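Below, each chain spelled out in residue letters.
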Amino acid sequence: IKERLDFSCAIFDNLGQLVANAPHIPVHLGSMSESVKSLIDAHRNQIKPGDVYVLNNPYNGGTHLPDITVITPVFSLVPPLSKGGLGGDLLFYVASRGHHADIGGITPGSMPPHSTTVDQEGILIDNFQLVNQGHFREKELLELLTSSTYPARNPAKNIADLQAQIAANERGVQELHKMVEHYGLETVQAYMNFVQDNAEESVRRVIKVLKDGTFTCPLDNSSAIQVTITIDKST
């Protein structure tokens, strides 16, 4: 991840809706909110302060399997930040998605061109609890990475990258806590709503000027990928 810079970071509200993201990889950021929402749907009443979850499931907002998403809930601090505290209400989520060098599968790099099942592409992770109230579940993670029919080839590197993602998320948690303590929760949430409303209006303005079209990309084997796009402006 450090060498490729193939990673993305983002902040979400307590419903899993995107609030803000760094200008990283668009394909990551367009679907990460679906990953956060899948976590909420799966573990809505079980998420606790100090928990961290991980997934790469393409059926739950993931992209291809090497792109692994780490999600950390952000709870309110009780008592206030200046006095320490473990948490109260679940306010936000932070997430980071990074392309791992390998996650198993039938070919190194986990992007086999001739796979016929998702298992042949690597290990499918679906809202696995990576950290339980501050305890890193390394034993359970290692078992997950090595027990598949096509296991990860270097699980130690996967674990190191996941720990880096956990640390990145934790920095986001700390900065959000500082912002809430400085400006107040009501103000922070109000401005998050402003950002989301502005984003929606910006997309609506773009949709109004889009036109139907087709695009063809010729491939080396003389075949072609052709896409036809029809814009439905009514919705």
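Residues numbered from 1 in each chain as written. Predicted model: local features only at pLDDT ≥ 70, side-chain atom pairs only at ≥ 80, totals over all residues. Heavy atoms only, no water.

Draft legend 1. Looking closely at the packing of aromatic side chains. The tally for this structure, following the rule as stated, stands at one aromatic pair. Between the aromatic rings of Tyr191 and Phe194, the centroid separation amounts to 5.3 Å while the plane-to-plane angle is 75°, which identifies the pairing as edge-to-face. With Tyr191 and Phe194 both in helix α5 (residues 185-209) and three residues apart, the pair spans about one turn of that helix. The class for Tyr191 is exposed, based on a relative accessible area of 54%. (Phe/Tyr/Trp six-rings, centres within 6.5 Å; stacked < 30°, edge-to-face > 60°. Helix = DSSP H or I, 4+ residues; strand = E, 2+ residues; numbered from the N terminus. Buried < 20%, exposed > 50% of the residue type's maximum accessible area, 1.4 Å probe, protein only.)

Draft legend 2. Quick peek at the packing of helix α4 (residues 155-183) against α5. Between α4 and α5, the shortest axis-to-axis distance is 6 Å and the interhelical angle comes to 115°. In terms of orientation, α4 lies roughly perpendicular with respect to α5. When α4 is examined against α5, the residues Leu176, Met179, Val180 and Tyr183 are found in contact with a partner set consisting of Leu185, Thr187, Val188 and Met192. Residues belonging to the contact of α4 with α5 are distributed by class as follows: seven nonpolar, one polar and no charged. (Axes fitted to C-alpha atoms, helices over the stretch in contact; angles between N-to-C directions. Parallel < 35°, antiparallel > 145°, perpendicular 65-115°, else oblique. Contact = heavy atoms within 4.5 Å. Nonpolar A, V, L, I, M, F, W, Y, C, P; charged D, E, K, R; others polar.)

Draft legend 3. Spotlight on the sheet that holds strand β1 (residues 7-13). Ordered in space as β2-β1-β5-β4-β3-β6-β7, the seven strands form an open sheet in which the pairing is antiparallel. Both outer strands of the open sheet, β2 (18-21) and β7 (135-136), are each paired with one neighbouring strand and no more. Strand direction decides the pairing type here: β1 and strand β5 (residues 90-99), joined by seven bridges, are antiparallel. Along β5, the bridge assignment pairs Phe7 with Gly98. Strands in contact with helix α2 (residues 32-43) are β1, β2, β3 (52-55), β4 (67-75) and β5; relative to β5, the strand with the most contacts, it is inclined by about 125°. The strands touched by α4 within the sheet are β1, β3, β4, β5, β6 (128-132) and β7, with β4 carrying the most contacts at an inclination of about 30°. (Pairing = 2+ DSSP bridges.)

Draft legend 4. Here's a closer look at the environment of Gly104. With respect to the secondary-structure elements, Gly104 resides in the loop between β5 and β6. Distance in space between the C-alpha atoms of Gly104 and Thr146 is 8.7 Å, their sequence separation being 42 residues.

Draft legend 5. Spotlight on the pairing of strand β9 (residues 224-229). Strand direction decides the pairing type here: strand β8 (residues 213-218) and β9, joined by six bridges, are antiparallel. Note that in β9 the partner of Thr216 across the bridge is Gln226. Between β8 and β9, which pair antiparallel and follow one another directly, the connecting turn spans five residues, one of which, Ser222, has a positive phi of 75°.

Draft legend 6. Quick peek at α5. A rise of 1.5 Å per residue sets the reference length of α5, with its 25 residues, at 36 Å; its end C-alpha atoms lie 37 Å apart and thus fit the reference within 8%. The set of residues buried in α5 consists of Val188, Met192 and Gln196. Tucked inside the fold, the buried residues of α5 contact β1, β2, β5 and α4. (Expected span 1.5 Å × (residues − 1).)

So yeah, pure geometry; function would need other evidence.
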